[in-house]
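Summary of the model geometry
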Amino acid sequence: MSSSMHTSSLFDVKDKVVLVTGGSRGIGLMIAHGFVVNGAKVYISSRSAKVCDKVAEELSKLGPGQCISIPADLQSLDE
């Protein structure tokens, strides 16, 4: 079997860029957490700027990845 078929290479997210909508709570938060601890640069969005900023800061502390807050209501075309 070639090395490209190993799970470590198939599912490696290190240095990837990810956007998780609704990433400040629930399933979105769990997904964002998984990406950050596995080395991805993760952007999260949430309608609440205060919560989004706080969660992004907490996730970034976990590393080795990074989390950046993009507060927005993605249901609104204006945002």
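Let me begin by describing the structure that accompanies this report. (Residues numbered from 1 in each chain as written. Predicted model: local features only at pLDDT ≥ 70, side-chain atom pairs only at ≥ 80, totals over all residues. Heavy atoms only, no water.)

1. Observations regarding the overall build of the protein chain
Secondary structure summary: the protein chain contains three helices and three strands in total. Of the regular secondary structure in the protein chain, the N- to C-terminal order runs α-β-α-β-α-β. For the protein chain, the residues scored as buried account for 29% of the 79 residues in total. Taking contacts inside the protein chain between residues at least 6 apart in sequence as the whole, the part at least 24 apart equals 55%. (Helix = DSSP H or I, 4+ residues; strand = E, 2+ residues; numbered from the N terminus. Buried < 20%, exposed > 50% of the residue type's maximum accessible area, 1.4 Å probe, protein only. Contact = heavy atoms within 4.5 Å.)

2. Quick word on the packing of helix α2 (residues 26-37) against helix α3 (residues 49-62)
Packed helix pairs are specified by the crossing angle of their axes together with the interaxial distance, meaning the distance between the axes. Following both chains from N to C, one finds α2 and α3 inclined at 35°, their axes separated by 8 Å at the closest point. The chirality of how α2 crosses α3 is right-handed. In this structure, α2 uses Leu29, Ala32, His33, Val36 and Val37 to contact α3, whose residues at the interface are Val55, Leu59 and Leu62. Of the residues that constitute the contact of α2 with α3, the class distribution is seven nonpolar, one polar and no charged. (Axes fitted to C-alpha atoms, helices over the stretch in contact; angles between N-to-C directions. Left-handed = near helix turned anticlockwise from the far one by under 90°. Nonpolar A, V, L, I, M, F, W, Y, C, P; charged D, E, K, R; others polar.)

3. As for the side chain of serine 24
As for its position among the elements, serine 24 is in the loop between β1 (17-21) and α2. At a separation of 3.1 Å, a polar atom in the side chain of serine 24 contacts the side chain of serine 46. (Polar contact = N/O pair within 3.5 Å; in protein donor to acceptor, adjacent residues only side chain to side chain.)

4. With respect to α3
Residues that lie three or four places apart on an α-helix share one face, since the helix turns once every 3.6 residues. Its 14 residues give α3 an end-to-end C-alpha distance of 20 Å, which sits within 8% of 20 Å, the value for a rise of 1.5 Å per residue. Residues of α3 that are buried: Cys52, Val55, Ala56 and Leu59. Along the long axis of α3, the arc covered by the buried residues comes to 105°, so they all point the same way. Opposite the buried face of α3, by more than 90 degrees, sit the exposed residues Lys50, Lys54 and Lys61. Packed against the buried residues of α3 are α2, β2 (41-46) and β3 (66-71). Within two residues after α3, glycine 63 carries a phi angle of roughly 50°, on the positive side. (Expected span 1.5 Å × (residues − 1). Arc of directions from axis to C-beta.)

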